[in-house]
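So the chains spell out like this:
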Amino acid sequence: MLISKKNNIQGLKSKFQTLFFGICFFLIGISANAQCAMCRAALAGDSNVKKAEAVNDGIVYLMVIPYLLVGIIGVLIYRMYQSKKKKAV
């Protein structure tokens, strides 16, 4: 019985590690210098520095929101799982 529980815990650790490294793999930022033709044309040159900074800030803002939502949902699911686990014990 003790060996069965130990194997079960090791299986959960293995699944968690696989999931964790999978998520980390997809969150690694890969540098890319790609822009659409219109953005490149609008931001080309030294005279549009402020406009280019504004576009970059907008991109970062739009990128952060989905990650925050996924993180918050993940924390809520984790808390729900932990509360169910405590009630079962």
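Residues numbered from 1 in each chain as written. Predicted model: local features only at pLDDT ≥ 70, side-chain atom pairs only at ≥ 80, totals over all residues. Heavy atoms only, no water.

Time to look at the overall build of the protein. If you tally the helices and strands in the protein, you get 3 helices and 0 strands. When the helices and strands of the protein are read in sequence order from the N terminus, they spell out α-α-α. Across the 89 residues in the protein, those meeting the buried criterion constitute 2%. In the structure as shown, the protein presents an accessible area of about 8,700 Å², 70% of it carried by carbon and sulfur atoms. (Helix = DSSP H or I, 4+ residues; strand = E, 2+ residues; numbered from the N terminus. Buried < 20%, exposed > 50% of the residue type's maximum accessible area, 1.4 Å probe, protein only. Areas by Shrake-Rupley, 256 points an atom, 1.4 Å probe, with all protein chains shown as cover.)

One pass over the full model with this rule turns up 2 aromatic pairs. Centroid distance Phe-16 to Phe-20: 6.3 Å. Interplanar angle 20°. Geometry classified as stacked. Highlighted residues: Phe-16 and Phe-20, both in helix α1 (residues 2–27), separated by 4 residues, approximately one helical turn. A relative accessible area of 43% places Phe-20 in the partly exposed class. Between the aromatic rings of Phe-20 and Phe-21, the centroid separation amounts to 5.5 Å while the plane-to-plane angle is 70°, which identifies the pairing as edge-to-face. Using a relative accessible area of 56% as the deciding quantity, one classes Phe-21 as exposed. Through a chain of ring-to-ring contacts, three or more aromatic side chains come together here, namely Phe-16, Phe-20 and Phe-21. (Phe/Tyr/Trp six-rings, centres within 6.5 Å; stacked < 30°, edge-to-face > 60°.)

So, about the confidence of the model for the protein. On average, residues of the protein score 77 in pLDDT, and 75% of them are at 70 or above. Within the protein, helix α2 (residues 37–43) has the poorest average pLDDT of any element, 70, and helix α3 (residues 49–88) the best, 87. (pLDDT = per-residue confidence, 0-100.)

Okay, the environment of Ala-42 next. Summarising the element assignment, Ala-42 is placed in helix α2. Residue Ala-42 is classed as partly exposed on the basis of its relative accessible area of 35%. Along the sequence, Ala-42 and Ala-52 sit 10 residues apart, while their C-alpha atoms lie 8.5 Å from each other. Excluding its chain neighbours within four sequence positions, the residues that come into contact with Ala-42 are Asn-48 and Lys-51. (Contact = heavy atoms within 4.5 Å.)

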